[in-house]
Amino acid sequence: DTAEVSPLLADLSGMPPAFFQVGTEDPLLDDTSFMAERWRAVTADTTLVYWPGAIHAFDYFEKPEFELPIARESVDLVLDWLRARIG
């Protein structure tokens, strides 16, 4: 099964809404963009956010001891997105 090789090759039919975010300095920028577009093809409720200058896993740097301002902003954005869908 090709999906075992890469999720980019998986059958995405019937998938739920999805939120993707990626930094412009992330080595997975292209993969994330491609996956979001594939997801969008099967569900209209797909969000993709690009964070200028951000590195891979930048959103983990939202703790006070490692604070990166866009990390807190990205976590808040994800929480807002979830709240809008969960109620």
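All values derive from a computational prediction rather than experimental measurement.

Asks: It is not clear to me how the overall build of the chain should be interpreted in this structure. Could you clarify?
Replies: In terms of helices and strands, the chain carries two helices and two strands. In the chain, the order of α-helices and β-strands from amino to carboxyl end is β-α-β-α. Its C-alpha atoms give the chain principal-axis dimensions of roughly 40 × 35 × 20 Å. A buried classification covers 32% of the 87 residues belonging to the chain. Partitioning the contacts of the chain with sequence separation of at least 6, the portion at a separation of at least 24 is 57%. When the accessible surface of the chain is split by element, carbon and sulfur atoms take 60% of a total near 5,800 Å². Where the 6 positive side-chain charges of the chain centre and where its 16 negative ones centre are 7 Å apart.

Asks: Help me understand the environment of histidine 56, please; the structure alone is not making it clear to me.
Replies: Residue position: histidine 56 is located in the loop between β2 (46-51) and α2 (69-86). For histidine 56, a relative accessible area of 45% gives the class partly exposed. Considering only alpha carbons, one finds histidine 56 and proline 16, 40 residues apart in sequence, at a separation of 24 Å. Ignoring sequence-local partners within four residues, the contact set of histidine 56 consists of Asp26, Pro27 and Leu28. Only 2.9 Å separates the side chain of histidine 56 from the side chain of aspartate 26, close enough to count as a polar contact.

Asks: I would appreciate a short explanation of the packing of aromatic side chains in the present structure.
Replies: Two aromatic rings, taken as a pair, are described by how far apart their centres are and by the angle between their planes. Counting across every chain of the model gives three aromatic pairs. Here the aromatic rings of tryptophan 51 and phenylalanine 58 are separated by 5.8 Å at their centres, their planes lie at 50°, and the arrangement is tilted. According to the relative accessible area criterion, tryptophan 51 is buried, its value standing at 6%. Owing to a relative accessible area of 2%, phenylalanine 58 belongs among the buried residues under this scheme.

Rules of the game
- Residues numbered from 1 in each chain as written.
- Predicted model: local features only at pLDDT ≥ 70, side-chain atom pairs only at ≥ 80, totals over all residues.
- Heavy atoms only, no water.
- Helix = DSSP H or I, 4+ residues; strand = E, 2+ residues; numbered from the N terminus.
- Buried < 20%, exposed > 50% of the residue type's maximum accessible area, 1.4 Å probe, protein only.
- Contact = heavy atoms within 4.5 Å.
- Areas by Shrake-Rupley, 256 points an atom, 1.4 Å probe, with all protein chains shown as cover.
- Lys, Arg positive; Asp, Glu negative; His and termini not counted.
- Charge placed at Lys NZ, Arg CZ, Asp CG, Glu CD.
- Polar contact = N/O pair within 3.5 Å; in protein donor to acceptor, adjacent residues only side chain to side chain.
- Phe/Tyr/Trp six-rings, centres within 6.5 Å; stacked < 30°, edge-to-face > 60°.

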